[in-house]
Amino acid sequence: MLLAAADVPTMLVMIILSSLVTAGGMAVVGWGRQDDGVRLWALGLGAFAAIGLLVGAWTRRGDPDGAPPPAPKPPVVAVLPLLVDDDDPELARMAVVLAEDLTTRLARLPGLEVVARTSAVAVAQEKLDAAAMATRLGAGLLVEGSMRREANAAIAINLRVIEGRSGTQRGSAQVQASADRLWQAENQIVEQLAARLLPHGTPVQATVYSSRSREANAALFRGRALLSSASAPAD
């Protein structure tokens, strides 16, 4: 194994000390005191070895070979706008609220970093492929999907987790709910996404909307959808 740069001064010091000890031992032997010279030489070598170990340990304090491996970086996720039918403005408003909620709630999960909602919307409008969007957003994973009304009046929410580098699908989440139960469906979606984005066994507290007052939660969701429509810029 090659010596690190920090080991070079250590070796120089050890060589100098070794030379001095050897020279001192030889000088004593030359004076006719052979036993004293041998003892001095042995003592010097012992001190030299101890100093070398101490200096070596000191210089290797920051040696990456002895340091613990760095913690893995958390995955970066971007939630893209959900696709809906153009002729269903009410569903479009709900899709905006759902995407905003997913962005906020995924950002609260430990071990995830989430791209800001405004950045995700701006890049999605450029109609790029998954790999290009992930590069622009600095995200390793994308969450995309759609909302549509079924024949039984239920709303189907289908989401996909896409690998940003390859564009391949990593997982999915599907939920169906009536319009007044979308808040409940949102809790289920967050739990499903967390299971696909986080390592197995990571504790997740996904529930935000309480089930104690279903009417209040439904009214809150609808109200936020109306507010998002009112605050949207006019075309």
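Because the structure is predicted, anything quoted here is derived from the model rather than measured.

## Describing the overall build of the chain
Along its length, the chain carries seven helices and five strands. Seen in sequence order, the chain has helices and strands lined up from the N terminus as α-α-β-α-β-α-α-β-β-β-α-α. Among the 235 residues that make up the chain, the fraction classed as buried is 33%. Taking contacts inside the chain between residues at least 6 apart in sequence as the whole, the part at least 24 apart equals 57%. Accessible area of the chain: about 14400 Å², with a carbon and sulfur share of 60%.

## Examining the sheet that holds strand E2 (residues 113-114)
Strand order across the open sheet formed by five strands is E2-E1-E3-E4-E5, with mixed pairing between neighbours. Looking at the sheet topology across the chains shown, the edges are occupied by E2 and strand E5 (169-177). Sheet contacts for helix H3 (residues 89-107): strand E1 (76-79), E2, strand E3 (141-149) and strand E4 (155-163); angle to E3, the most-contacted strand, approximately 150°. Contacts from helix H5 (residues 130-137) reach E1, E3 and E4, with the element oriented near 120° to E3.

## Brief notes about the environment of Ala173
Along the chain, Ala173 turns up in strand E5. Judged by its relative accessible area of 1%, Ala173 falls in the buried class. Note: C-alpha distance between Ala173 and Gln192 (19 residues apart in sequence) is 5.9 Å. Those residues in contact with Ala173, other than ones at most four positions away along the chain, are Ile157, Asn158, Leu159, Gln192 and Leu193.

## Quick word on the pattern of salt bridges
Counted according to the given criterion, the structure contains seven salt bridges. We note a salt bridge from Glu186 to Arg105, for which the minimum N-O separation is 2.7 Å. A residue pair is termed long-range when its members are at least 10 positions apart, and Glu186 in helix H6 (residues 182-197) and Arg105 in helix H3 qualify at 81 residues. With a shortest N-O distance of 3.7 Å, Glu163 and Arg170 are connected by a salt bridge. Look at Arg170 and you get partly exposed, because its relative accessible area is 42%. Counted as one network, the salt bridges with shared partners bring together Asp88, Glu90 and Arg149.

## Here we look at the confidence of the model for the chain
Here the chain shows a mean pLDDT of 76. Residues at 70 or above account for 56%. Ignoring residues within four places in sequence, the model shows residues 1-6, a span with pLDDT below 50, making three contacts including any to other chains.

## Let's talk about the nonpolar core
Membership of the largest hydrophobic core comes to 30 residues, with the highest contact counts inside it found for Leu102, Met147, Ile157, Leu159, Ile189, Leu193 and Leu197. Leaving out residues up to four positions away in the same chain, Leu197 has contacts with Pro75, Val77, Leu106, Leu112, Leu141, Val161 and Arg170. Judged by nonpolar contacts, the second largest core, of 13 residues, contains Val115, Ala130, Leu137 and Leu142.

## Thoughts on H3
Taking 1.5 Å per residue, 19 residues should reach 27 Å; H3 reaches 27 Å between its end C-alpha atoms and fits that length. Here H3 has its buried residues at Leu91, Met94, Ala95, Val97, Leu98, Ala99, Asp101, Leu102, Thr103, Arg105 and Leu106.

## A short note on unusual backbone geometry
If you check the backbone angles, Lys127 has positive phi at about 60° while not being a glycine. Examined against the element boundaries, Lys127 turns out to sit in the loop between helix H4 (117-124) and H5. The phi torsion at Ala153 lies on the positive side, around 75°, for a residue other than glycine. Mapped onto the fold, Ala153 is located in the loop between E3 and E4.

## A short note on H6
In this model H6 runs 22 Å from its N-terminal to its C-terminal C-alpha over 16 residues, within 8% of the 22 Å that 1.5 Å per residue would give. Those residues of H6 that fall on the buried side of the exposure criterion are Leu182, Trp183, Ala185, Glu186, Asn187, Ile189, Val190, Leu193, Ala194 and Leu197.

## Observations regarding the pairing of E3
In this sheet, E3 lies alongside E1 in parallel orientation, the contact comprising three bridges. Residue pairing across strands places Val79 opposite Val143, the latter belonging to E3.

Conventions used here
- Residues numbered from 1 in each chain as written.
- Predicted model: local features only at pLDDT ≥ 70, side-chain atom pairs only at ≥ 80, totals over all residues.
- Heavy atoms only, no water.
- Helix = DSSP H or I, 4+ residues; strand = E, 2+ residues; numbered from the N terminus.
- Buried < 20%, exposed > 50% of the residue type's maximum accessible area, 1.4 Å probe, protein only.
- Contact = heavy atoms within 4.5 Å.
- Areas by Shrake-Rupley, 256 points an atom, 1.4 Å probe, with all protein chains shown as cover.
- Pairing = 2+ DSSP bridges.
- Axes fitted to C-alpha atoms, helices over the stretch in contact; angles between N-to-C directions.
- Salt bridge = Lys/Arg side-chain N within 4 Å of Asp/Glu carboxyl O.
- pLDDT = per-residue confidence, 0-100.
- Core = buried A, V, L, I, M, F, W, Y, C linked by side-chain atoms within 4.5 Å.
- Expected span 1.5 Å × (residues − 1).

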